[in-house]
Amino acid sequence: MSRSIGCADTVRGWVYALAGAAWSLPPVTVALAVTAGVARSWPAGLRWVCFGAVFAALLAAGGRPRAVRARCVRLANRLLRTGLPAPAAPLRAGPRDLVRTPAWLALHMAVGWAVVAVTGLLGMTAAVLPAVWLGGGERIALLGLSVRVAGGRQGGWAPLAALGCLAAAAWLCAGAVAVLRWAAPALLGPRSAERLAALEERTRLLAGRNRLAQELHDSIGHTLTAATIQAAVAAELMDREPEAARRALSSIEESSRSAMDDLDHVLGVLREGKAPTAPQHTLGDLRALLERVRLTGTEVHADLDDDWVRVPAAVSREAYRIVQEGLTNALRHAHRAPVTLRVAVTGDWLEAEIGNPMGGHALGLTRPGRRGQGLTGIAERVRLLRGEVSASRVAGGRWRLVARIPLRSAP
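Residues numbered from 1 in each chain as written. Predicted model: local features only at pLDDT ≥ 70, side-chain atom pairs only at ≥ 80, totals over all residues. Heavy atoms only, no water.

Enquirer: Teacher, can you tell me more about the sheet that holds strand 3 (residues 300-304) here?
Expert: Consider a sheet: its strands pair through backbone hydrogen bonds, and that pairing is either parallel or antiparallel. The strand order across the open sheet built from five strands is 3-4-5-7-6, with neighbouring strands paired in mixed fashion. Either end of the sheet is taken by a strand with one partner, and the two such strands are strand 3 and strand 6 (388-394). Averaged over all adjacent pairs, the angle separating strand axes in this sheet is 10 degrees, with direction ignored. Each of strand 3 and strand 4 (339-346) touches helix 8 (residues 286-294); the most contacted strand, strand 3, lies at about 175 degrees to it. (Pairing = 2+ DSSP bridges. Helix = DSSP H or I, 4+ residues; strand = E, 2+ residues; numbered from the N terminus. Axes fitted to C-alpha atoms, helices over the stretch in contact; angles between N-to-C directions. Contact = heavy atoms within 4.5 Å.)

See the structure below:
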């Protein structure tokens, strides 16, 4: 890996190497015991082959469980700072996947023994040389060599050699860390199937968040539009009809509280990264929606089919949002002008039609030249359900929105 290796990494690398050496003791002990019991009378070469085969079998068996790989990943991330993702849920493993964790264990143990043995010798040498020099000097056996360490000025090289041994030990630990970091992604990193699963999960998460954003746009957008119109109505009626003005203000309070609940729910879901659990509105809630629209002073002529039994739940939820967004657009573009709504089941299709006059912008709810997201969101919902949508000007200076959604997906 390209990440630099500091002093703390070197110390952690030595601890990681020590762990690898310690983990090798049980399989080495078992392999020695089996070899001594089975191949005691065999030639030395065959005994080594038997030892290696038993040791490899133990590593292969011990490295197969997913929990072992998960622990290896956690320890490598903690001590080597490899930054590997946690293993995904169990998936079908190929032949190459079955040897990756045992290969990592073998590498970890081999590097561990090499680092512990060499740094141990270097550390012992670094301790012995200055001690002998300070004690007046003598001949010592060092790494298979006989070395004369003189006392006083003649042996002044001993402290320097000790520092060199410590530097070599640190360099060896840093090199071991670099080797293990380089090998970790190949031996402990996610498999192709795991990468695909992680990508699919990420896609589902992003799709869910996009869906929540659309839900929030529809809900809050409708509430703000209705509240703006109701506030204007209340201002107009405050002196002439105070009771009607109070009803409009009460409706603003109720719809704003509902919008705050929706906002809190969506923000909570986005923070926790979980799927939404709150119940969603369906076609059965249309009449309550129409009452809130009528409180703005808008006349709504509704033709609703009260029998929604044939409508699947997913279609019912999407149809509610489509009608809500269509009514919001009507309120924005045709302030308090009569709106017509028809929602009915025709054959194997659910049809929703909303019409309103092409009006001005008395309340400034839309800005000239600005294209809203309402029709885009409606089109996305309809396409998701393999339906049809059209929105256009018709005779008489009216705007008509028609959405047709199949009750069943095409085979």
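Enquirer: What should I look at first to understand the pattern of salt bridges in this one?
Expert: Opposite charge on two side chains allows them to pair when their charged atoms are near. Going through the model one piece at a time under the given rule, you end up with eleven salt bridges. The salt bridge involving D9 is made with R12; its shortest N-O contact spans 2.6 Å. Pair noted here: D9 and R12 are both in helix 1 (residues 7-38), with a separation of three residues, about one helical turn. On the basis of relative accessible area, D9 is assigned to the buried category, the value being 4%. Between R294 and E291 there is a salt bridge, with its nearest N and O atoms 3.3 Å apart. With a gap of three residues between them, R294 and E291 both fall in helix 8, about one helical turn apart. Classification of R294 as partly exposed rests on a relative accessible area of 32%. Given the relative accessible area of 46%, E291 is considered partly exposed. Taken together, the shared-partner salt bridges connect R342, E351, E353, E388, R400 and R404 into one network. (Salt bridge = Lys/Arg side-chain N within 4 Å of Asp/Glu carboxyl O. Buried < 20%, exposed > 50% of the residue type's maximum accessible area, 1.4 Å probe, protein only.)

Enquirer: Would you mind showing me how to read the UniProt feature "transmembrane region" (unreviewed entry) in the chain here?
Expert: Mapped onto the present numbering, the UniProt feature "transmembrane region" (unreviewed entry) falls on residues 14-39, 45-61 and 110-136. Along residues 14-39 one finds 96% helix and 0% strand; the C-alpha atoms at either end are 35 Å apart. Secondary structure across residues 110-136 comprises 93% helix and 0% strand; the distance between its end C-alpha atoms is 39 Å. (UniProt positions renumbered as here; feature names shortened; annotations may be inferred.)

Enquirer: Could you clarify how one ought to interpret the packing of helix 1 against helix 5 (residues 157-188) in this entry?
Expert: Describing two packed helices takes the angle between their axes plus the distance from one axis to the other. One can describe the packing of helix 1 onto helix 5 by two numbers: an axis separation of 8 Å at closest approach and a directional angle of 75 degrees. It follows that helix 1 is roughly perpendicular to helix 5 by the angle criterion. Between helix 1 and helix 5, the residues in contact are D9, T10, G13, W14 and Y16 and A170, C173, A174, V177, L180 and R181, respectively. Split into classes, the residues belonging to the contact of helix 1 with helix 5 amount to seven nonpolar, two polar and two charged. (Parallel < 35°, antiparallel > 145°, perpendicular 65-115°, else oblique. Nonpolar A, V, L, I, M, F, W, Y, C, P; charged D, E, K, R; others polar.)

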